[in-house]
Amino acid sequence: MAFELPKLGYAYDALEPHIDARTMEIHYTKHHQAYATNLNNAIAGTDMEGKSIEYILQNCKDKPAVRNNGGGFWNHNLFWEVMAPNAGGTPTGELAQAINDAFGTFEHFKEEFSKAGATRFGSGWAWLCVEGGKLVVCSTANQDNPLMGEGCKGTPILAMDVWEHAYYLNYQNRRPDYMNAFFNVINWDVVAKKFAAAK
């Protein structure tokens, strides 16, 4: 089975004004689709064909085409999933407690997560992961992710894309403005479910 893009759970314009419809459409139909297509081409006829994307990511260190496109495919799958219209706010329940335990306050978590995105030179990702039952923030370059053992280990439960294609049409070089806007579309219910499954 070839890898295919997941269906978006919302329309391209559903995240406006925080993420504009044109950016969403290009990001999903062009960038994400290219990663899926190139991943399928890179693994065709190899021992990775038919394997799970997680297996591929954990065994692709010496295969740049697989690593870059497999990471791009998986990272974006998570990115779309953890966003929703009419979302944002603050988490509740066990996730909220875990954030307080790890970072002191939700505001301090936001600072650390935003710092991970802001200080990522060039293109990459900011992550909230579960490692050893605790929450950690980290970032990775390009399309790497923690499943590859890059940036930090653990299970990613929240991803923020800080490649310029994620925000440039609306925010140009103002990455901090985009990151602030991202907090208005985080689907904390989905993140909480991922936290419960990962811990």
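Residues numbered from 1 in each chain as written. Predicted model: local features only at pLDDT ≥ 70, side-chain atom pairs only at ≥ 80, totals over all residues. Heavy atoms only, no water.

Peer 1: Before we move on, could you go through the UniProt feature "binding site: Mn(2+)" (unreviewed entry) in the chain and cite the residues and values that matter?
Peer 2: Per the UniProt record, the feature "binding site: Mn(2+)" (unreviewed entry) sits at His27, His76, Asp161 and His165. Despite a sequence span of 139 residues, these residues sit close together in the fold, their greatest C-alpha distance being 12.2 Å. With respect to the helices and strands, the residue His27 is situated in helix H1 (residues 21-43). Taking the relative accessible area as the measure of exposure, His27 reaches 1% and is therefore buried. Here His27 is in contact with His32, His76, Phe79, Trp80, Asp161, His165 and Ala166, once residues within four sequence places are set aside. (UniProt positions renumbered as here; feature names shortened; annotations may be inferred. Helix = DSSP H or I, 4+ residues; strand = E, 2+ residues; numbered from the N terminus. Buried < 20%, exposed > 50% of the residue type's maximum accessible area, 1.4 Å probe, protein only. Contact = heavy atoms within 4.5 Å.)

Peer 1: Explain the pattern of salt bridges to me, and be specific about the residues and the numbers.
Peer 2: Tallying each qualifying case throughout the model produces 6 salt bridges. With its nearest N and O atoms 3.7 Å apart, the salt bridge here joins Arg22 to Glu25. Placement of both Arg22 and Glu25 in helix H1 is noted, with a separation of 3 residues, approximately one turn of the helix. Of the charged contacts in the structure, one is a salt bridge between Glu81 and Lys194, with a shortest N-O distance of 3.2 Å. Residue Glu81 is found in helix H3 (residues 64-81), and its partner Lys194 is found in helix H8 (residues 188-198); the two are separated by 113 residues along the sequence. (Salt bridge = Lys/Arg side-chain N within 4 Å of Asp/Glu carboxyl O.)

Peer 1: How would you summarise the pairing of strand S2 (residues 134-141) if you had to cite specific residues and measurements?
Peer 2: Summarising the sheet, strand S1 (residues 124-131) and S2 pair through 8 bridges and their orientation is antiparallel. Residue pairing in the sheet places Gly124 in a bridge with Ala141 of S2. The hairpin turn running from S1 into S2, its antiparallel successor, is 2 residues long, and Gly132 in that turn takes a positive phi close to 60°. (Pairing = 2+ DSSP bridges.)

Peer 1: Give me the pairing of S1: which residues, what numbers.
Peer 2: In terms of residue burial, S1 counts as a mostly covered element, since 7 of its 8 residues are buried. Sheet analysis places S1 next to strand S3 (residues 155-161), joined by 6 bridges and oriented antiparallel. Pairing of Trp125 across the sheet is with Asp161, part of S3.

Peer 1: Would you mind going over the nonpolar core in detail, with residue names and values included?
Peer 2: In terms of nonpolar packing, the biggest core is built from 63 residues, with Phe109, Leu135 and Leu158 touching the most fellow members. Both domains that meet at this core, namely domain 1 (21-82) and domain 2 (93-198), each give it at least three residues. Apart from residues lying up to four places away in sequence, Leu158 is in contact with Leu78, Val82, Phe109, Phe113, Ala126, Trp127, Leu128, Phe182, Ile186, Trp188 and Val191. (Core = buried A, V, L, I, M, F, W, Y, C linked by side-chain atoms within 4.5 Å. Domains from an automatic or database assignment.)

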